[in-house]
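One-letter residues, chain by chain:
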Amino acid sequence: MFDTLSDRLNGIFTKLRGKGRLSDADIDATAREIRLALLEADVALPVVRAFIASIKERARGAEVHQALNPAQQVIKIVHEELVGVLGGETRRLQFAKQPPTVIMLAGLQGSGKTTLAGKLARWLKGQGHQPLLVAADLQRPNAVNQLQVLGQRAGVEVYAPEPGNGVGDPVRVASDSIEHARRSMRDIVIVDTAGRLGIDAEMMGQAAAIRDAVTPDETIFVVDAMVGQDAVATAEAFRDGVGITGVVLSKLDGDARGGAALSVRHVTGQAILFASTGEKLEDFDVFHPDRMASRILGMGDVLTLIEQAEQAFDEDQKQRMAAKVTGGEAFTLEDFLEQMTALRRMGPIANILGMVPGMNQVKDQLAELDDSHFDRITAIIRSMTPGERVNPKVINGSRRARIARGSGVTVMDVNQLLNRFAEAQKMMKQMGGMMGLPGRRKATKSPKNKRKGTKGGGRPRSGSLPGGFPGGMPQLPPGLDPSALDPGAGFKAPKLDFGKLTRRPKDN
Amino acid sequence: MQWYVYVLIVLAVVLVVGLGLVVGQLSRRPPEQPPPPGGPTTAPPAPPTEAAPPTTAAPPVVIEPPVVVEPEVDVVAPPTVEAPAPTAGRLVRLRSRLSRSQNALGRSLLAVLSRDRLDDDAWEELEDNLITADVGVEPTREIVERLRERTRVLGTRTADELRALLKEELVGALDPKLDRSLAATPHDGRPAVLLVVGVNGSGKTTTCGKIARVLVADGHTVVLGAADTFRAAAADQLATWAGRVGAEVVRGREAGDPAAVAFDAVRRGIEAGTDTVLIDTAGRLQNKVGLMDELGKVKRVVERHGPVDETLLVLDATTGQNGLTQARVFTEVVDVTGVVLTKLDGTAKGGIVIAVQRNLGIPVKLVGLGEGPDDLAPFEPEAFVDALLGTNA
């Protein structure tokens, strides 16, 4: 797979090591790499060009020259610029002074308009509004049915006087719906229109006619996060055809990098209001520019990781895990098994690792990593008796042979697992100590644990872990050596960037 | 919010241990036997994963008794049967539709190629043009590099010659020798089974309907399996399509087991002696493990009747570089045998198929060119490239 931007920039800048300052040629080389990274993330070419120009401007400035680590500095600039462009001013939905507020949805076929209509209705209902869904997609077979089903699930009334499937006049349905909304005291009308292509003059004319009939307060352009270079052409067509006041990115739960967000934002100049992140009605969220920026650049996304973890673990498990880390309870193989199952629930291991900052560097080695290897570890643990799982020390030679037979592996595999696990237990204790929580942790020989005595209050130490874990993470695969990663840079911390963790969730 | 930190710590530990083990195992094992049969001495013949309880591996073929589940089979009788236009003559429309949207690219390419001197800027512009068509950075570079090399060697100067060379390169990238026919004819007294897969909103159901029309137009009998039990009214949508051409639809409960519906559809096809069974599946993003497992199960269960003849991945022409990931993951799970490129009638150029075919060798078999019921045509590399370059415009 493609390298991430940070890998590439690091490659360039290692060559430059020793040079006092960056020459223009160096900056051009850097710009080229950024350009490629953006193109691979499906940011449209004209947008990339404009963006690179502004990056170059800043990169020539003093901030990079003086920086100790120019690669990181450049990435930071790019990231900031991206957030700036994507975020700009965050905007809420505009409501009409005189209800009903009319929201019209437009977009290509299959971009997710009908599903979004349902999600938006549910969300608005949750905010105490009385939305009305209008089925003005009379083109696609059974789009009306789909909207009715969604309306039922969201508990929202659906105005669908026409059966659809090519029968009926959407403009009339739309204009009648306003009257209907007034009569039935609905304060928001969501008009779901048929998917149309930007070059289909007839359909764009129809969209404009619907717009004129209902005079929407918001015209929302729904765009698929997977869309490629075509995003610009489509967005322009819709901007000129119907006028756009806001954008919603759909299918953000996929693994597309989502460069379209940048393209659309650039072309339309309108804010991205929401992100649609799944098939269920509740998978709907406001848009986070900073996460999107990290995603476009292919950087680790700790926040998404946390969110996925939240889904994978139930409340009870979380409590117990916290107790394991902080309290006196020993970390047993049983826990290990449980965590691993939960981890598997979060998706393919390679995907999860991709989200861990710094892990991208070892991506190539992980590419051959197959989830079934984890299944084997599970099998080994499951071949142990409960007693053995709690107290692995009792596992002697004959027990090992039995476990190996039971799980279909060699004794060597079992040995290895037990050794690793012993190390993990040790690590766990050290981590628990590092957390500086009131607990039974007495200071060990680790210098870190001595230092931690000064801090209290149960707050994790902010900043990345200094210099990797004490004693190093034993037998990491080559390339995963913590010291090789740059601990000073926010995105490079080997495993966890506590500073980021503690800061961000508070904002929510 | 404190628990986030703990969760991540535990995850980190689990990951480090797990990875260490896995990497250790990988390095010890010779690479040519990735499904490890266990150690040489102590290991029993059974693969280790089978020892794991179903929470992790969940081997659904064994657990799932789709025959027993028996969703109510609802056969929709067509009220009026349309006679679809025959498939012949579709290519004419394909060309006009394609060139309608591709002019811009063709024009700018022409402008670049007809310059007096081809300097670095011109080549870069050519590169940009291909990138704008979603061909992807890597394939574009390769194509342009080869083109450069050849122009140098051949001393090509005129725009026409250059364009011919570029066309040759692009057609070469699409490998016209690949078999693009649809395996839709019955064999061994059994209907041909076609499975249609793809991400959400790529146009699977519509494509199913269109394929059914094409097959009916060519004199086949078709059974449609509505295995999209997830999306609201997806089965209705398919039934509407089927009703138009008089095909039979086998459908199950909403939120029912898609594998069971697919199984029943194939059984129905065998019983009724039809020529082709088309199975429409629910859209799924390729990074959703659970859904991809479900898809794998649909295929495995259907294969109890015999092999699936064709697995078609429906790819939206507007898709960018993610299309490559989609193709790869779907191929891993259900072994995609062909790609259907939809929505090519828009401004999108569908260059992603070049990347898909180049990396994975999966041929594009059909292209969708609009919402009309007959807007589906067989893919022809030459015509596609012509349209991409705007030769016909």
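Reading the values: the criteria
Residues numbered from 1 in each chain as written. Chains lettered and ligands numbered in written order. Predicted model: local features only at pLDDT ≥ 70, side-chain atom pairs only at ≥ 80, totals over all residues. Heavy atoms only, no water. Helix = DSSP H or I, 4+ residues; strand = E, 2+ residues; numbered from the N terminus. Buried < 20%, exposed > 50% of the residue type's maximum accessible area, 1.4 Å probe, protein only. Contact = heavy atoms within 4.5 Å. Areas by Shrake-Rupley, 256 points an atom, 1.4 Å probe, with all protein chains shown as cover. Axes fitted to C-alpha atoms, helices over the stretch in contact; angles between N-to-C directions. Parallel < 35°, antiparallel > 145°, perpendicular 65-115°, else oblique. Nonpolar A, V, L, I, M, F, W, Y, C, P; charged D, E, K, R; others polar. Pairing = 2+ DSSP bridges. pLDDT = per-residue confidence, 0-100. Expected span 1.5 Å × (residues − 1). Salt bridge = Lys/Arg side-chain N within 4 Å of Asp/Glu carboxyl O. Polar contact = N/O pair within 3.5 Å; in protein donor to acceptor, adjacent residues only side chain to side chain. Core = buried A, V, L, I, M, F, W, Y, C linked by side-chain atoms within 4.5 Å. Left-handed = near helix turned anticlockwise from the far one by under 90°.

(A) Quick peek at the overall build of chain A. Within chain A, the secondary structure is distributed over 23 helices and 8 strands. Out of the 508 residues in chain A, the part that is buried amounts to 57%. Summarising the internal contacts of chain A: among those between residues at least 6 apart in sequence, 72% fall at separations of at least 24. Counting every atom, chain A has about 20200 Å² of accessible surface; 50% of that belongs to carbon and sulfur.

(B) Examining the packing of helix H6 (residues 137–154) of chain B against helix H13 (residues 352–360) of chain B more closely. Residue and element names in this part refer to chain B. Between H6 and H13, the shortest axis-to-axis distance is 9 Å and the interhelical angle comes to 85°. Classed by the angle they form, the pair H6 and H13 counts as roughly perpendicular. Every residue of H13 that contacts H6 at Glu 138, Pro 139, Glu 142 and Ile 143 is listed here: Ile 354, Ala 355 and Arg 358. In terms of residue class, the contact of H6 with H13 is made up of 4 nonpolar, no polar and 3 charged.

(C) Summary view of the sheet that holds strand E6 (residues 338–342) of chain B. All names here are of chain B. Pairing in this open sheet of 8 strands is mixed, and the strands run E3-E2-E4-E1-E5-E6-E7-E8 from one edge to the other. At either margin of the open sheet sits one strand with a lone partner, and together these are strand E3 (248–251) and strand E8 (376–378). The mean inter-strand angle of the sheet, taken between neighbouring strand axes irrespective of direction, is 25°. The pairing of strand E1 (residues 192–198) with strand E5 (residues 310–316) spans 5 bridges and is classified as parallel. Residue pairing across strands places Leu 194 opposite Glu 310, the latter belonging to E5. The strands that helix H10 (residues 258–272) touches are E1, strand E2 (222–227), E3 and strand E4 (276–281); relative to E2, the one it contacts most, it runs at about 170°.

(D) Up close: the confidence of the model for chain A. Confidence in the prediction for chain A averages 74 pLDDT; 69% of positions are at 70 or higher. Here residues 437–508 of chain A is a poorly scored stretch, pLDDT under 50, and it has 116 contacts once near neighbours within four places are set aside; other chains count.

(E) Molecular detail of unusual backbone geometry. Residues Pro99(A) and Pro100(A) are joined by a peptide bond in cis, for which omega reads 5°. Along the chain, Pro100(A) turns up in the loop between helix H5 (70–87) and strand E1 (101–107). Residue Met185(A) is not a glycine yet carries a positive backbone phi of 60°. For Met185(A), the location among the structural elements is in the loop between helix H8 (170–183) and strand E4 (188–193). Here the phi dihedral of Lys343(B) falls at roughly 60°; this positive angle occurs in a residue that is not glycine. Within the secondary structure layout, Lys343(B) lies in the loop between E6 and H13. Exposure remark for Lys343(B): the relative accessible area of 13% places this residue in the buried category.

(F) Quick peek at helix H6 (residues 113–126) of chain A. A rise of 1.5 Å per residue sets the reference length of H6(A), with its 14 residues, at 20 Å; its end C-alpha atoms lie 20 Å apart and thus fit the reference within 8%. Taken together, the buried positions of H6(A) are occupied by Lys113(A), Thr114(A), Leu116(A), Ala117(A), Gly118(A), Lys119(A), Leu120(A), Ala121(A) and Leu124(A).

(G) Summary view of the pattern of salt bridges. Under the counting rule described, the total for this entry stands at 31 salt bridges over all chains. Lys251(A) serves as the salt-bridge partner of Asp224(A), at 2.8 Å between the closest nitrogen and oxygen. Of this pair, Asp224(A) sits in strand E5 (residues 218–224) while Lys251(A) sits in the loop between strand E6 (246–250) and helix H11 (260–268); the two residues are 27 residues apart in sequence, bridging distant segments of the chain. With a shortest N-O distance of 3.0 Å, Glu169(B) and Arg150(B) are connected by a salt bridge.

(H) Up close: the side chain of Lys113(A). All names here are of chain A. Residue placement: Lys 113 occurs in helix H6. A distance of 2.7 Å separates the side chain of Lys 113 from the backbone oxygen of Leu 108, its partner in a polar contact. If sequence neighbours within four positions are ignored, Lys 113 has contacts with Leu 105, Ala 106, Gly 107, Leu 108, Asp 192, Thr 193, Ala 194, Gly 195 and Val 222.

(I) Inspection of the nonpolar core at higher detail. By size, the foremost hydrophobic cluster in this structure holds 91 residues, and its most contacted members are Leu38(A), Leu86(A), Leu120(A), Ile190(A), Ile220(A) and Ile296(A). When residues in this core are grouped by element, the largest group, 6 residues, is from helix H3 (residues 45–60) of chain A. Setting aside anything within four residues of it in sequence, one finds Leu120(A) in contact with Ile103(A), Leu105(A), Ile190(A), Ile220(A), Phe274(A) and Phe284(A). Listed in part, the 71 residues of the second largest apolar core include Leu162(B), Ala173(B), Ala227(B) and Phe330(B).

(J) Quick look at the packing of helix H12 (residues 322–334) of chain B against H13(B). All names here are of chain B. H13 packs onto H12 with a crossing angle of 40° between their chain directions and a minimal axis gap of 9 Å. Here H13 runs oblique to H12, going by the angle between their axes. Two packed elements cross with a definite hand, and for H12 against H13 that hand is right-handed. Across the interface between the two elements, Gly 323, Leu 324, Ala 327 and Arg 328 from H12 touch Ile 352, Ala 355, Val 356, Asn 359 and Leu 360 from H13. Each residue belonging to the contact of H12 with H13 can be placed in one class, and the counts come to 6 nonpolar, 2 polar and 1 charged.

(K) Spatial organisation of H8(A). Residue and element names in this part refer to chain A. The first and last C-alpha atoms of H8 sit 20 Å apart over 14 residues, in line with the 20 Å expected at 1.5 Å per residue. Residues Pro 170, Val 173, Ala 174, Ser 177, Ile 178, His 180 and Ala 181 constitute the buried set of H8. Among the structural elements, E1, strand E2 (131–136), strand E3 (157–159), E4 and helix H9 (201–214) are those in contact with the buried residues of H8. The distance from a side-chain oxygen at the start of H8 to the backbone nitrogen of Val 171 is 3.1 Å, and the residue carrying that oxygen is Asp 169.

(L) Spotlight on the environment of Asp200(A). Residues and elements named next belong to chain A. Along the chain, Asp 200 falls in the loop between E4 and H9. Here Asp 200 falls in the partly exposed class, since its relative accessible area comes to 28%. Considered as a pair, Asp 200 and Ala 237 are 37 residues apart in the sequence and their alpha carbons are 9.6 Å apart.

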